[in-house]
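Topology and contacts: notes
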Amino acid sequence: MNSLEQFAAEKLSALEQRALRRELQVTSRTRHPLVERGGKTLISFSCNDYLSLSVHPAVIEAAVAATRRYGVGSGASRLVTGNHPLYAELEARLAAAKGTTDALVFGAGYLANSGIIPALIGNADVIFVDELAHACIWAGAKLSAARVITFRHNDMAHLAELLVAHRRNHGRAMMATDSVFSMDGDLAPVAALADLAEAHDAWLMTDDAHGLGVLPKPEGAARVPLQMGTLSKAIGGYGGYICASENVVALLRNRARSFVYTTGLPPGTVAAAIAALDFIAANPDYAARPLALARRFTAALDLPEAASPIVPLIVGGAPEALKISQQLQAAGFLVTAIRPPTVPEGTARLRFTFTAAHQEADLDRLAATVKGLLTPRP
Ligand SMILES: *Cc1c(COP(=O)(O)O)cnc(C)c1O
């Protein structure tokens with residue numbers, strides 16, 4: 001065996017032994033909230049498409065019409081010829097939704113965070129990151145070459161302590177966190193973060209990937225100068241964005257490498273996002289449903305009240321989480337087990353996401369099944 005093959009084989013077997021090896025599963029998800037997988041139909045509690053906008057007829061129609069009109073690809077980086085006419089409209093919508101003067105759309109949320117942070121800070125600088133922040137915030141922080149300082153999850157006293165100890169040793173400073181934590185479903189204390197950011201001249205970036213479209217704007221959001229998010233969750237399509245001032249956006253347009261050196265999104269994707277934002281604005285009750293359903297579920301299981309449509313049930317070990325996931329699958333539910341390194345060691349979990357397409361009865365059956373699985377048989 002050559003060294004590459006040997007390396008791959010050894011790594012895989014180490015993952016296998018720790019129940020951490022992952023496999024792709026072919027999944028078809030056109031009949032929300034149902035998915036087809038391995039010949040079985042399951043009710044999915046593992047989609048971030050909270051409002052089923054990926055399959056909404058008006059959104060599909062907008063994507064098809066834009067594709068007919070402008071083609072399937074954008075042909076180049078947006079700074080060359082890839083800035084097709086729909087972008088300006090989408091960016092104006094996003095800026096209006098977030099209350100900023102400008103916005104910039106990236107190819108994906110991951111690309112946004114990987115590009116924004118290194119465009120703003122460098123090796124003489126510092127970034128303070130919540131320990132549970134999304135992987136792409138860490139990727140951006142690492143790429144920036146700034147010093148990365150981790151604060152305990154949502155712990156403002158710890159963050160304040162770290163700012164006092166380290167801020168003055170660096171030139172520019174950022175603070176970055178998810179505003180809705182993707183694997184925990186809880187919310188960041190945005191107003192308290194903004195207080196600390198202002199007091200210590202650290203530029204606050206919040207990642208609202210799981211908030212836009214399904215949660216009200218967090219208190220204090222107006223004081224966040226860098227409001228990042230994605231179009232791939234409740235918006236139903238693909239793409240990332242940042243809402244910020246005109247100057248900051250202009251700088252990112254010039255310097256964010258993951259913006260400059262990549263092709264613009266397909267026109268159909270941009271049109272779909274605009275149609276999705278229209279739908280959300282016109283249907284506030286429907287958009288509120290995922291959170292209401294999550295709360296029904298947490299009440300049924302005596303869990304802490306859901307703060308978002310994401311509800312974690314922490315099991316601990318990866319094999320145990322996989323086992324419960326398989327038992328739920330046998331009962332007709334798709335609930336993916338989330339394992340390290342996506343979550344910290346020892347906190348493998350079931351992650352339930354609730355969508356507007358779920359019926360109350362599905363939920364109640366799910367809650368009863370989970371209860372049964374967690375209660376040890378006498
Ligand atoms: C999903 C997610 C991202 C990545 O967004 P993509 O558009 O899927 O690349 C970034 N941050 C958070 C918090 C997310 O949950």
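See above for the structure.
Since we're looking at a predicted model, the values are computed, not measured.

Taken together, 14 residues are adjacent to the ligand, and Gly109, Asp207, His210, Thr230 and Lys233 come closest. Take Gly109: an N or O atom from its main chain is 2.8 Å from an oxygen atom of the ligand. For the ligand, an oxygen atom lies 2.9 Å from a polar atom in the backbone of Tyr110. Contact with the protein chains hides 88% of the accessible area of the ligand, taken as 380 Å² for the molecule alone. In a pocket analysis with a 2 Å cut-off to the grid points, the ligand is assigned to the largest pocket.

Further remarks concern the sheet that holds strand 14 (residues 348–353). An order of 11-14-13 is seen for the three strands of this open sheet, with the pairing classed as antiparallel. In the strand order of this sheet, the two ends are held by strand 11 (310–316) and strand 13 (337–338), each with one partner. As judged from the six bridges shared by strand 11 and strand 14, these two strands associate in the antiparallel manner. Its bridge partner lying in strand 14, Gly316 is registered against Ala348. Sitting on the sheet, helix 12 (residues 318–330) is in contact with strand 11, strand 13 and strand 14, with an inclination near 35° to strand 14.

With that out of the way, let us pick up empty space enclosed by the protein. If you roll a probe as big as a water molecule over the atoms, it shows you where there is empty space left. Overall, the coordinates contain three cavities of 30 Å³ or more when judged by the stated rule. What the largest cavity holds in volume is close to 80 Å³. Along the wall of the largest cavity there are 13 residues; nearest its centre are His32, Pro33, Ser44, Cys47 and Thr355.

Here the focus is the nonpolar core. Grouped together as the largest cluster of nonpolar side chains are 37 residues, with contacts concentrated most on Leu51, Leu90, Leu94, Val105, Leu231 and Ile235. When residues of this core are traced back to their parent elements, those giving at least two are helix 2 (57–70), helix 3 (86–98), strand 4 (102–106), strand 10 (240–244), helix 10 (267–282) and helix 11 (284–300). When residues of this core are assigned to their parent elements, the largest contribution, 10 residues, is made by helix 10. In this structure, this core is formed jointly by two domains, domain 1 (20–50 + 309–374) and domain 2 (57–281), each of which donates at least three residues. Setting aside residues up to four positions removed in sequence, Leu51 forms contacts with Gly213, Val214, Ala234, Ile280, Tyr286, Ala287, Pro290 and Ala356. Formed by 26 residues, the second largest nonpolar core is a distinct cluster that contains Ile117, Met174, Leu226 and Met228.

We now examine the sheet that holds strand 1 (residues 27–31). Taken in spatial order, the four strands line up as 1-2-3-12 in an open sheet, and their pairing is mixed. Looking at strand neighbours, the two that pair on one side only are strand 1 and strand 12 (333–334), the edges of this open sheet. Inspection of the sheet shows strand 2 (residues 34–37) paired to strand 3 (residues 40–44) by four bridges, in the antiparallel sense. The partner of Leu34 across the bridge, within strand 3, is Ile43.

The sheet contact formed by strand 5 (residues 126–130) and strand 6 (residues 147–151) spans five bridges and is parallel. Residue pairing for strand 6: Val129 is matched across the bridge by Thr150. Handedness of the crossover joining strand 5 and strand 6 through helix 5 (residues 135–144) is recorded here as right-handed.

Reading the values: rules and limits
Residues numbered from 1 in each chain as written. Predicted model: local features only at pLDDT ≥ 70, side-chain atom pairs only at ≥ 80, totals over all residues. Heavy atoms only, no water. Near = heavy atom within 4 Å. Polar contact = N/O pair within 3.5 Å; in protein donor to acceptor, adjacent residues only side chain to side chain. Areas by Shrake-Rupley, 256 points an atom, 1.4 Å probe, with all protein chains shown as cover. 1 Å grid on protein atoms, 1.4 Å probe; cavity = no way out; pocket = protein on both sides within 12 Å on 5 of 7 lines; lining within 4 Å. Sits in = over half its atoms within 2 Å of the grid points. Pairing = 2+ DSSP bridges. Helix = DSSP H or I, 4+ residues; strand = E, 2+ residues; numbered from the N terminus. Contact = heavy atoms within 4.5 Å. Axes fitted to C-alpha atoms, helices over the stretch in contact; angles between N-to-C directions. Points joined across faces, edges and corners; volume = space filled by probe spheres on them. Core = buried A, V, L, I, M, F, W, Y, C linked by side-chain atoms within 4.5 Å. Buried < 20%, exposed > 50% of the residue type's maximum accessible area, 1.4 Å probe, protein only. Domains from an automatic or database assignment. Right-handed = clockwise from strand over helix to strand, strands pointing away.

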